[in-house]
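Each chain, letter by letter, is given below.
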Amino acid sequence: MGYAHVYAHEIMHRGRVPMEPADFVPDWADRPRKAKFHPDAETLPLPETPETPEQAAGAVRGFTLPLLSGMLRDSYGLTGRRLAVQANTDLAALPHYTHANWSRGTASGGGLYPVSVHWAAGPGGPLAPGLYHYAPHQHGLRRLLAGDVTGEVRSALGPGAGPAEAATQYLVLGVKYWQNAFKYNSFSFHAVSMDVGALVQTWRLWAAQYGLRIDPVLWFDEERLARLLGVAPEEEGIFAVVPLTWAGASGPGRTTPADATPADATPADAAPAVRHRDVERSRRVLVFETLLRIHEATAGRAADRPAPGALDAAAAFPPRGGDPLPLPAPPAPPATTGRALRERRSSFGRFDASRPLAAGPFAAALADCAATAYGTEAERPGGPPLTSLYAFVNHVEGIEPGAYAYDPAAHTLRLRVPGPPGPFLQRNYFLSNYNLEQAGAVIVPTVRTTAVLDAVGDRGYRLVNGTIGAVAQTFYTTAAAFGLAAGVALGFDNISYREELGLTGTDEAPLLIMLLGHDRPRPADFRHEIA
């Protein structure tokens, strides 16, 4: 049993046994930047948003620079300033421009956005081959290295990476741990691995509008990619590689970087590597032993890639409970994916139970979340799902209050615990930014975490949390598409939820709570677009 089992146990029990360092207090005055900063790198502006999916219908054969630009802007780019009156604890700082909270299409734990996006651009693309970093605040690309490094990426992926082996363009997702650990210390790895899944799912939803696929690869030689990006492995984890189908591409490029010999034939000390360094803002960067240990435990290599079907043993259990309660067919959302991403937000204490949640959008949220998968090379196409969904119903039209299991195959609910769940929900929530009883429903995804780790090893912890992050992003996007209030939270007693739902004795782990309902009418907000 690897260290990931130990970490997963501590996460599940942290509501009752605080994780070390239990007395940690963030130094907000010395917090890091909200994005990486390479002062000496040239920044290339990205083009405007591309044609809408309707305008481009039937004509898209792969990504183009405008399409990639649109996907990056709608996922991690800054799309507006958030300054609404709400109940989150950081509200007092937000009126000050230096502490402004900028909205993004992708959800992020604590709103910290620690995922870094690099583009390994090969031949056949619109830019000179090289390695670029996406700068979200400028919506531009910083050129960190000139020359084709896609051979180095392919070598790091190794055999068995599927379509990624033939790509000429790759997005490489890293996490600079300090951007999250300054606030969440040992808990940060749990949060950031969900952040990666949320970002990838945003891309999957966005690309699907144009008939394009996003298939992340999780198993690769992480040390080799860290060396290419010029980062210290213990400071920044490389979590995913996403190959892009590029319009007009004919196959893998083999040109070499201007300052290196061919990557596939060179020893490590001669391989291409970025020389531009991210400049840290914090005067003091702390190291957390637990974070280092879980990073090292999950830093698997390409040779450890699971065999097809390995995850079948960790599939979600069939839903159990009372007689099936049919749900209405999910209605079509009134808003497009792009609009939903730009309007996505957390409600933070604004839920209002005076208007019950309609059963149709509630059913749509359940169905969309149940259909969500991370889509990695470890997951067999058409294989069994890893997640189960439970719903605590407070105020949903036509559904009696209680805790239910969702059956996605039959699109029904099965009663687990009768009666209003509001007192249980609020009693087991640790923060003051939500009144859970005022939400129409609280949806809880679970994964058999230990079964996944047993099946694919410690790196499976990134797969577990990435899957949950993807579900959370689907939830937010569906809620926004229906004009509903939404919120996702991690500050709850996981074990109490396991007990309440009757999951004790199983390895099902409740990892998120997702609140759905209506906001209070006439909320006060800041109109950034006319300021």
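Summary of the structure given here. (Residues numbered from 1 in each chain as written. Predicted model: local features only at pLDDT ≥ 70, side-chain atom pairs only at ≥ 80, totals over all residues. Heavy atoms only, no water.)

On to the pairing of strand β13 (residues 441-448), then. Taking burial as the measure, the 8 residues of β13 include 8 buried ones, the bulk of the element. Going residue by residue along β13, you find Ala-441, Ile-443, Pro-445 and Val-447 tucked away on one face and Val-442, Val-444, Thr-446 and Arg-448 tucked away on the opposite face as well. Judged from the 3 bridges that link them, β13 and strand β16 (residues 513-517) form a sheet pairing that is antiparallel. From the neighbouring strand, Ala-441 faces β16, where its bridge partner is Leu-516. The sheet contact formed by β13 and strand β15 (residues 508-510) spans 3 bridges and is antiparallel. In the strand pairing of β15, Thr-446 is matched with Pro-510. (Buried < 20%, exposed > 50% of the residue type's maximum accessible area, 1.4 Å probe, protein only. Helix = DSSP H or I, 4+ residues; strand = E, 2+ residues; numbered from the N terminus. Pairing = 2+ DSSP bridges.)

Within the largest apolar cluster, 111 residues are counted, with the highest numbers of intra-cluster contacts made by Phe-63, Trp-119, Trp-203 and Phe-362. It is helix α5 (residues 188-208) that contributes the most residues to this core, 10 residues altogether. What Trp-119 contacts, discounting residues up to four positions off in sequence, is Leu-65, Leu-68, Pro-126, Leu-127, Gly-130, Leu-131, Tyr-132, Leu-141, Gln-169, Tyr-170, Leu-171 and Trp-246. Judged by nonpolar contacts, the second largest core, of 24 residues, contains Ala-120, Leu-144, Val-231 and Val-241. (Core = buried A, V, L, I, M, F, W, Y, C linked by side-chain atoms within 4.5 Å. Contact = heavy atoms within 4.5 Å.)

Next up on the list: a negative patch on the surface. Together, Glu-234, Glu-235, Glu-289 and Glu-296 line one region of the surface with negative charge. Among the structural elements, Glu-289 can be located in helix α7 (residues 289-298). (Patch = residues over 30% accessible without salt bridge, like charges linked within 9 Å, V, L, I, M, F, W, Y side chains within 5 Å. Areas by Shrake-Rupley, 256 points an atom, 1.4 Å probe, with all protein chains shown as cover. Salt bridge = Lys/Arg side-chain N within 4 Å of Asp/Glu carboxyl O. Lys, Arg positive; Asp, Glu negative; His and termini not counted. Charge placed at Lys NZ, Arg CZ, Asp CG, Glu CD.)

Attention now moves to the packing of helix α11 (residues 449-456) against helix α12 (residues 460-481). At their nearest, the axes of α11 and α12 sit 8 Å apart, and the two run at 140° to each other. Taken together, the axis directions place α11 and α12 in an arrangement best described as oblique. As for how α11 packs across α12, the hand of that crossing is right-handed. Listed contacts from α12 to Thr-449, Val-452, Leu-453 and Val-456 of α11 are Gly-460, Tyr-461, Leu-463 and Val-464. Grouping the amino acids of the contact of α11 with α12 by side-chain chemistry returns 6 nonpolar, 2 polar and no charged. (Axes fitted to C-alpha atoms, helices over the stretch in contact; angles between N-to-C directions. Parallel < 35°, antiparallel > 145°, perpendicular 65-115°, else oblique. Left-handed = near helix turned anticlockwise from the far one by under 90°. Nonpolar A, V, L, I, M, F, W, Y, C, P; charged D, E, K, R; others polar.)

Turning our eyes to something else, we now look at the packing of aromatic side chains. In the structure shown here, the tally under the stated rule is 22 aromatic pairs. Members of the aromatic cluster, each reached through a chain of ring pairs, are Tyr-7, Tyr-177, Phe-189, Phe-239 and Tyr-461. Note that Arg-14 overlies the ring of Phe-187, its terminal NZ or CZ placed 3.9 Å from the centroid. In this structure, Arg-104 is placed above the aromatic ring of Tyr-76, and the distance from its NZ or CZ to the ring centre is 5.2 Å. (Phe/Tyr/Trp six-rings, centres within 6.5 Å; stacked < 30°, edge-to-face > 60°. Lys NZ or Arg CZ within 6 Å of the ring centre and 35° of its normal.)

So, about the sheet that holds strand β5 (residues 130-135). Whenever strands of a sheet pair, they do so through backbone hydrogen bonds, lying parallel or antiparallel. Ordered by their spatial adjacency, 6 strands build an open sheet running β1-β6-β5-β4-β7-β8, and the pairing between neighbours is antiparallel. This sheet does not close on itself; its edge strands, each paired only once, are β1 (42-45) and β8 (236-243). Each strand of the sheet is rotated relative to its neighbour by a mean of 30°, with strand direction disregarded. For strand β4 (residues 115-121) and strand β7 (residues 169-176), the ladder comprises 7 bridges, and the chain directions are antiparallel. Each residue of the ladder has a partner; that of Ala-121, found in β7, is Gln-169. Together, β4, β5 and β7 form the strand contacts of helix α2 (residues 65-75), whose direction differs from that of β4 by roughly 170°.

Turning to α11, its buried residues are Thr-449, Ala-451, Val-452, Leu-453 and Val-456. Buried residues belonging to α11 abut α1 (3-13), β13, α12 and β15. At the exit of α11 stands Gly-457, carrying a positive phi of roughly 90°.

Pairing between side chains of opposite charge can happen when their charged atoms approach one another. Within the structure shown, the criterion is met by 20 salt bridges. The residue Lys-176 makes a salt bridge to Asp-278 at a minimum N-O spacing of 2.5 Å. Of this pair, Lys-176 sits in strand β7 while Asp-278 sits in the loop between β8 and α7, and the two are 102 residues apart along the sequence. Owing to a relative accessible area of 12%, Lys-176 belongs among the buried residues under this scheme. Judged by relative accessible area, which is 22%, Asp-278 ranks as partly exposed. A salt bridge links Asp-215 to Arg-204, with the nearest nitrogen and oxygen atoms 4.0 Å apart. Taken together, the residues span a long stretch of sequence, with Asp-215 in the loop between α5 and α6 (222-229) and Arg-204 in helix α5 at a distance of 11 residues. Asp-215 gets classed as partly exposed once you look at its relative accessible area, which sits at 24%. For Arg-204, a relative accessible area of 23% puts it in the partly exposed group. Salt bridges sharing common partners tie together Arg-16, Asp-493 and Glu-499.

Any two packed helices are characterised by the angle at which their axes cross and by the distance between the axes. It is at 9 Å that the axes of helix α9 (residues 359-370) and α12 come closest, and there the two elements cross at 150°. Between α9 and α12, the crossing angle belongs to the class labelled roughly antiparallel. Our pair here, α9 against α12, has a crossing hand that is right-handed. Facing α9, whose interface residues are Ala-364, Ala-365, Asp-368 and Cys-369, α12 presents Val-471, Thr-474, Phe-475 and Thr-478. Residue composition of the contact of α9 with α12, grouped by class: 5 nonpolar, 2 polar and 1 charged.

With 6 of 6 residues buried, β5 lies mostly within the body of the structure. Of the two faces of β5, both are covered, the one formed by Gly-130, Tyr-132 and Tyr-134 as well as the one formed by Leu-131, His-133 and Ala-135. In terms of strand pairing, β4 meets β5 through 4 bridges, oriented antiparallel. The partner of Ala-121 across the bridge, within β5, is Gly-130. In the sheet, β5 pairs with strand β6 (residues 140-146) via 6 bridges, with the strands oriented antiparallel. Within the sheet, the bridge partner assigned to His-133 lies in β6 and is Arg-142.

The values reported here are purely geometric and, on their own, carry no functional implication.
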